[in-house]
Amino acid sequence: MADKATLARQFIEAIPHCRALGMVLTEIGDGMARIEMPYDAKLVGDPKTGVVHGGAVSAIMDTCCGAAVMSHPAAPDSTATIDLRIDYMRGATPGQKIVTTAHCYHITRNVAFVRATAVDDDAEHPVATAAGSFTVEKS
């Protein structure tokens, strides 16, 4: 398990867009991952409100879901997004980091299923939720 988690961490840290968005993997293991993304003015989608662009939110959610798949005990050697539905509940509060937690709750021979939530400091009211399916590729 530790090897899969280490590989997932190294993979995420090597992805250029993850570095550009400031993503930091803070927890991973047993089909769960948590990634934080600090607030940055370069990620703002609406200069009038200062709200982070939905594309940045979708990127952290997709990345976190993939990491959760890679850390699952029945983890594949690699994975890719098949489908990811994101429901945006509200704009993230300007100035606050976004924290995404994802859980891979089921894996078949070919598909892994994941749920995720993105929050800012107001964890009681999510910024977004996601449900997705990912490939299961074994060597």
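The structure we're discussing is the one just above.
Heads up: these notes are all about the structure in this document.

1. With respect to the packing of aromatic side chains
Part 1 of the reasoning: All told, the structure shown has 1 aromatic pair when counted by the stated rule.
Part 2 of the reasoning: Looking at Arg115, its charged tip hangs above the ring of Tyr105, at a distance of 3.7 Å from the centre.

2. Examining the pattern of salt bridges
Part 1 of the reasoning: A full pass over the atoms with the stated rule returns 5 salt bridges.
Part 2 of the reasoning: Close ionic contact of Glu27 with Arg34 constitutes a salt bridge, the shortest N to O distance being 2.5 Å.
Part 3 of the reasoning: Across the salt bridge formed by Arg85 and Asp87, the nearest N and O atoms sit 2.8 Å from each other.
Part 4 of the reasoning: On the basis of relative accessible area, Arg85 is assigned to the exposed category, the value being 52%.

Conventions used here
Residue numbers run consecutively from 1 along every chain, following the written order of its sequence. Given that the model is predicted, a residue must reach a pLDDT of at least 70 before its local features are reported, and side-chain atom pairs must reach 80 or more before they are shown or counted; all residues, however, enter totals for whole chains, interfaces and linings. For the side-chain quantities, the full set of heavy atoms in the structure was used; hydrogens and water were omitted. Two rings belonging to Phe, Tyr or Trp (six-membered ring only in the last case) form a pair when the distance between their centres is within 6.5 Å. Interplanar angles under 30 degrees mark stacking, angles over 60 mark edge-to-face geometry, and anything in between is tilted. The criterion for a charge sitting over a ring is simple: Lys NZ or Arg CZ within 6 Å of the ring centre, and within 35 degrees of the ring normal. Think of a salt bridge as a Lys or Arg side-chain nitrogen and an Asp or Glu carboxyl oxygen that are within 4 Å of each other. Note on classification: 1.4 Å probe, protein chains only; a residue is buried when its accessible area is under 20% of the maximum for its type, exposed when over 50%, partly exposed between these limits.

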